[in-house]
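Structural overview
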Amino acid sequence: MPGGGQQLTVGYYNAKNCGGVEPIVRGEVYKALAADRSKGAALVRLFFHDCWVNGCDGSVLLNASQRNPYPEKVAVSNIGLRGFDVIEAIKARLESVYPGVVSCADIVAFAARDATRYLSDGHIDYAVPSGRWDGVVSRAKDADDTLPGSTFAFGELKKNFDNKKFTVEELVVLSGAHSIGVAHYPSFQDRLTAPQDEIDARYQKALRNAAKDRSRPVANDIRDESYSFKKDAGYPTAVSGGRDYLNNTYYHNALDNRVLFKSDWALRTDAFAFGKLQEYRDKPKEWDSDFADAMVKLSKLAAKGEDFEIRKKCSTTNNPSHY
Ligand code: HEM
């Protein structure tokens, strides 16, 4: 199928008499998250990383092959990327009901929406336009050239988002996704020695303690850390609210200087972005709604390329010689 110009519409599969598609995805996502809530963060990040690199085309899901040993998946910036098993299970289920109909790219977009809804207790919900096709090209270099890095300064983040026609406000809104999920040592290593004005001293101490075990993932949101971590960091140990709750706690943490990545801290260094951090800290409902809008905008990042298909399995192209 030739690429480009894919028309996305809300309710695309209903119009194709496949009204079960979105309910099936939701059912599978909810089942997966009920068994392991942490998979929700994985699905939200997977969606961002799929859409940011050459548009939403499912290319992040492709496995390495003999012809293409370095797909997006193995990119340095895709460290810790997970949730592939959930997407593949949804795909298998959909193939059994509607063979050859639903793209993996659409599944990723629906699954991120459903995870968002689940992790926010229904506070964040939105309709996802669909009708995407799956790309056949996946290169680690494209991911590393395109995705923002955890050590980016504000100017680099702004430029990275501007390249995709996303505003500073949307950068601040979407960074709130770091109220869920975890990170691995290389992503926050620099923060262990960051100067005192860039990170709260007690939070840094707790982080150094945790990092003694380099294989230990650290929660993006201090709220989700262990009792002893929070105690060391001087964070109220009683605050829990359950792990991986998608809400505006990120903005409280940012303004208290207790965020994990340098790129999170960097939002404080621009006056406009700083104002937005305060706004979203003080207006949780506004953040819910702006986050939903920004996720819809992400979902519309158009796929680039020449060749598209509806994959049978999300981890491989239909024609093995394709890429
Ligand atoms: C603004 C620039 C961003 C940077 C520099 C950044 C960087 C990172 C890094 C380094 C990790 C940890 C990876 C690891 O070590 O395992 C991470 C995790 C995560 N990011 Fe971002 N990110 C950004 C924006 C976003 C956006 C826009 C979203 C979604 C809308 C997002 C959602 C997540 C989630 C949910 C996780 C946790 C994933 C998991 O637990 O598996 N991030 N991010």
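Scroll up to find the structure.
Described below are features of the structure shown in this document.

Quick notes on the rules
- Residues numbered from 1 in each chain as written.
- Predicted model: local features only at pLDDT ≥ 70, side-chain atom pairs only at ≥ 80, totals over all residues.
- Heavy atoms only, no water.
- 1 Å grid on protein atoms, 1.4 Å probe; cavity = no way out; pocket = protein on both sides within 12 Å on 5 of 7 lines; lining within 4 Å.
- Points joined across faces, edges and corners; volume = space filled by probe spheres on them.
- Nonpolar A, V, L, I, M, F, W, Y, C, P; charged D, E, K, R; others polar.
- Domains from an automatic or database assignment.
- Disulfide = S-S within 2.5 Å.
- Buried < 20%, exposed > 50% of the residue type's maximum accessible area, 1.4 Å probe, protein only.
- Near = heavy atom within 4 Å.
- Polar contact = N/O pair within 3.5 Å; in protein donor to acceptor, adjacent residues only side chain to side chain.
- Sits in = over half its atoms within 2 Å of the grid points.
- Helix = DSSP H or I, 4+ residues; strand = E, 2+ residues; numbered from the N terminus.
- Expected span 1.5 Å × (residues − 1).
- Arc of directions from axis to C-beta.
- Contact = heavy atoms within 4.5 Å.
- Donors = N, O, S within 2.8 Å, 3.2 Å for Na, K, Ca; no water.
- Phe/Tyr/Trp six-rings, centres within 6.5 Å; stacked < 30°, edge-to-face > 60°.
- Axes fitted to C-alpha atoms, helices over the stretch in contact; angles between N-to-C directions.
- Parallel < 35°, antiparallel > 145°, perpendicular 65-115°, else oblique.
- Core = buried A, V, L, I, M, F, W, Y, C linked by side-chain atoms within 4.5 Å.

A word on the layout of surface pockets. In this approach, a probe sized like a water molecule rolls over the atoms, and the result shows the empty space that is left. If you add up the space inside the largest pocket, you get close to 980 Å³. Lining the largest pocket are 42 residues; nearest its centre among them are Arg45, His49, Pro148, His178 and Phe261. Taken together, the residues of the lining of the largest pocket break down into 25 nonpolar, 13 polar and four charged. When residues of the lining of the largest pocket are assigned to domains, at least three map to each of domain 1 (9–147 + 298–309) and domain 2 (154–294).

Right, let's get into the state of the cysteines. Throughout the structure, instances matching the rule amount to two disulfides. Paired through a disulfide, Cys51 and Cys56 show a sulfur-sulfur distance of 2.1 Å. Between Cys51 and Cys56, the disulfide has an S-S torsion of 115° and is therefore right-handed. Pair check on accessibility: Cys51 and Cys56 agree, each one buried. For the protein, the disulfide bridges join cysteines in the arrangement 1-2, 3-4, where the cysteines are counted in sequence order. Cys18 forms no disulfide, and the closest cysteine sulfur to it belongs to Cys104, at a distance of 15 Å.

This paragraph deals with the site of the ligand. Near the ligand, the surroundings consist of 27 residues, among which Arg82, His178, Val182, His184 and Ser187 are the closest. Between the ligand and Ile79 there is a distance of 3.4 Å, counted from an oxygen atom to a backbone nitrogen or oxygen. When each cavity is represented as a set of grid points, the ligand is found to reside in the largest pocket. At the level of secondary structure, the elements contributing two or more residues to the shell around the ligand comprise helix H3 (39–52), helix H7 (154–162), helix H8 (168–175) and strand S4 (182–183). The element contributing the most residues to the shell around the ligand is H3, with five residues.

Between its first and last C-alpha, helix H14 (residues 271–282) extends 17 Å over twelve residues, near the 16 Å set by a 1.5 Å rise per residue. Here H14 has its buried residues at Ala273, Lys276, Leu277 and Tyr280. What you see down the axis of H14 is that its buried residues fit within an arc of 105°, all on one side. Across from the buried face of H14, at angles greater than 90 degrees, the exposed residues are Ala271 and Asp282. For H14, the secondary structure elements touched by its buried residues are H7, H8, helix H12 (249–255) and helix H15 (284–299).

Attention now moves to the coordination of the iron atom of the ligand. Looking at the iron atom of the ligand, one finds just one donor atom contributed by the protein, His178 (NE2), at 2.1 Å. Within the secondary structure layout, His178 lies in the loop between H8 and S4.

Further remarks concern the packing of aromatic side chains. All told, the structure shown has 13 aromatic pairs when counted by the stated rule. Their ring planes at 90° and their centres at 4.9 Å tell us that Tyr12 and Tyr13 sit as a pair that is edge-to-face. Accessibility classification places Tyr12 together with Tyr13 in one group, the buried group. Here the aromatic residues Tyr250, Tyr251, Tyr280, Trp287 and Phe291 are joined through ring pairs into a cluster of three or more.

This brings us to the packing of H7 against H8. Two elements in contact, H7 and H8, have axes whose closest approach is 9 Å; the angle formed by their N-to-C orientations is 100°. In terms of their interaxial angle, H7 and H8 are classed as roughly perpendicular. Counting all contacts with H7, which are made through Phe154, Leu157, Lys158 and Phe161, the residues of H8 involved are Val168, Glu170, Leu171 and Leu174. Looking at the contact of H7 with H8 residue by residue, the classes come out as six nonpolar, no polar and two charged.

What follows deals with the nonpolar core. Counting residues in hydrophobic clusters, the biggest one holds 78 residues, and the most contacted among them are Leu43, Ile87, Leu94, Phe291, Met295 and Leu298. The greatest single-element share of this core, amounting to ten residues, is contributed by helix H5 (residues 104–119). Beyond its immediate chain neighbours, meaning those up to four positions away, Met295 contacts Val44, Phe47, Ala112, Thr116, Tyr126 and Leu174. Counting 18 residues, the second largest nonpolar core, distinct from the first, contains Tyr185, Phe188, Ile199 and Tyr203.

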